[in-house]
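# Breakdown of the fold
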Amino acid sequence: KRLILIGPPGSGKGTQSPVIKDEYCLCHLATGDMLRAAVAAKTPLGIKAKEAMDKGELVSDDLVVGIIDEAMKKPSCQKGFILDGFPRTVVQAQKLDEMLERKGTKLDKVLNFAIDDAILEERITGRWIHPSSGRTYHTKFAPPKVPGVDDVTGEPLIQRKDDTAAVLKSRLEAFHRQTEPVIDYYSKKGLVANLHAEKPPKEVTTEVEKVLS
Ligand code: AP5
Ligand code: ZN
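Residues numbered from 1 in each chain as written. Chains lettered and ligands numbered in written order. Predicted model: local features only at pLDDT ≥ 70, side-chain atom pairs only at ≥ 80, totals over all residues. Heavy atoms only, no water.

## Considerations on the sheet that holds strand E3 (residues 81-84)
What counts, and what does not: Pairing between strands requires that DSSP locate at least two bridges from one strand to the other. Comment: elements are numbered from the N terminus, with helices defined as DSSP H or I runs of at least four residues and strands as E runs of at least two. Each axis is a line fitted through C-alpha atoms, and for a helix only the stretch in contact is used; angles between axes span 0 to 180 degrees, taken between their N-to-C directions. Residue contacts follow a heavy-atom distance rule, with two residues in contact if any of their heavy atoms lie within 4.5 Å.
Within the open sheet, the five strands sit side by side as E2-E3-E1-E4-E7. Their pairing is parallel. Single-partner strands in this sheet number two, and they are strand E2 (27-30) and strand E7 (192-196). This sheet shows a mean twist of 20° between the axes of neighbouring strands, independent of strand direction. Of the strand pairs in this sheet, strand E1 (residues 2-6) and E3 are connected by four bridges, and their pairing is parallel. Residue pairing across strands places Leu3 opposite Ile82, the latter belonging to E3. In the packing of helix H1 (residues 13-24) onto the sheet, the strands contacted are E1, E2, E3 and strand E4 (109-114), and the crossing angle to E3 comes to about 175°.

## Describing the site of ligand 1
The criterion, for reference: Proximity is defined per residue: any heavy atom of the residue falling within 4 Å of a molecule or strand makes that residue near it. The definition of a polar contact used here is a pair of N or O atoms within 3.5 Å, where within protein one atom must be able to donate a hydrogen and the other to accept one, and adjacent residues in sequence count solely through side-chain atom pairs. Only the protein chains shown count as covering a residue, and every accessible area follows the Shrake-Rupley method with a 1.4 Å probe.
Lining the immediate surroundings of ligand 1 are 33 residues, of which Thr15, Glu57, Arg88, Arg127 and Arg171 lie closest. With respect to ligand 1, the backbone of Gly12 contributes an N or O atom lying 3.0 Å from an oxygen atom. Contact with the protein chains removes 96% of the 1,100 Å² of surface that ligand 1 exposes when unbound. Taken together, the elements giving at least two residues each to the shell around ligand 1 come down to H1, helix H2 (31-40), helix H6 (120-125) and strand E6 (135-138). Looking at which element gives the most residues to the shell around ligand 1, the answer is H2, with four residues.

## What to know about the packing of helix H5 (residues 90-103) against helix H7 (residues 165-187)
The description of two packed helices rests on the angle between their axes and on the distance between the axes. Basically, it comes down to this: Here the word oblique covers every angle except those under 35 degrees (roughly parallel), over 145 (roughly antiparallel) and from 65 to 115 (roughly perpendicular). Each residue receives one of three labels: charged for Asp, Glu, Lys and Arg, nonpolar for Ala, Val, Leu, Ile, Met, Phe, Trp, Tyr, Cys and Pro, and polar for the others, Gly being one of them.
In contact at an axis separation of 8 Å, H5 and H7 are set at 40° when each is read in the N-to-C sense. As the angle between them shows, H5 and H7 are arranged oblique. Together, Val90, Ala93, Gln94, Leu96 and Asp97 of H5 and Gln178, Pro181, Val182, Tyr185 and Tyr186 of H7 make up the contact between the two elements. For the contact of H5 with H7, a count of residues per class yields seven nonpolar, two polar and one charged.

## Considerations on the environment of Thr179
As a reminder, the rule being used: The buried label applies to any residue whose accessible area, calculated with a 1.4 Å probe on protein chains only, is under 20% of its type's maximum; exposed applies above 50%, and partly exposed to all values in between.
Position of Thr179 relative to the elements: it lies in helix H7. Among the residues examined, Thr179 registers a relative accessible area of 4% and is labelled buried. Contact partners of Thr179, with chain neighbours within four places excluded, come to Ile6, Arg88 and Ala174. Here Arg88 takes part through its backbone oxygen, which lies 2.8 Å from a polar atom of the side chain of Thr179.

Okay, structure coming up:
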């Protein structure tokens, strides 16, 4: 399967991705995760991306298209992939179409994590992450066994720098202005499946399984 996950910050893309990935043996490419790794490693790419990310604005199309183009060459991505957080602009969607056309492949589905903005602040400000594995927790909705500690490795959890109420506002603005048009772009191609992303994680997973079966 070749899937795209679209939804606002905190809608559950990163929570559902590992489940879908394991069930269908797909590679998971999350531009946000890749950019955060580049920022942490202070690579030239990370240095360019940091300012926009800290403000909750989108990084330039050229940078993210370059990352995805490179990442999709991995052997593990040849059978199928989940794109989490990409494409986020219509330009990125058009570039992706060109990339897939060159490979002679097509998208199967675009999963739209539809959810009301009002729910997202609590989700975002309560999120804790285990950076090396990408495991995600929530103080209220998915607490770790020991607060601040990863269940599997015992390593410390961190909070994302952009997970504040103030930066969330800019991220939501960017979503409505730049990313919602991408949903229309794929609706016209008949690829969009709408999920009820406000439901508990397991119920969202069940909806995804129905769409993909
Ligand atoms: P990115 O990392 O993609 O962030 P985002 O889109 O803002 O999405 P999040 O990761 O915040 O949300 P999520 O949907 O994954 O939520 P999660 O499942 O963790 O991008 C970060 C930045 O990088 C961007 O701002 C931009 O600067 C840059 N960037 C990235 N891609 C780009 C691109 N293509 N172009 C340009 N710039 C780009 O869930 C959140 C919390 O809620 C967790 O604590 C979780 O436990 C909890 N939760 C999840 N589901 C449920 C549920 N069903 N019920 C209750 N709680 C739940
Ligand atoms: Zn995410």
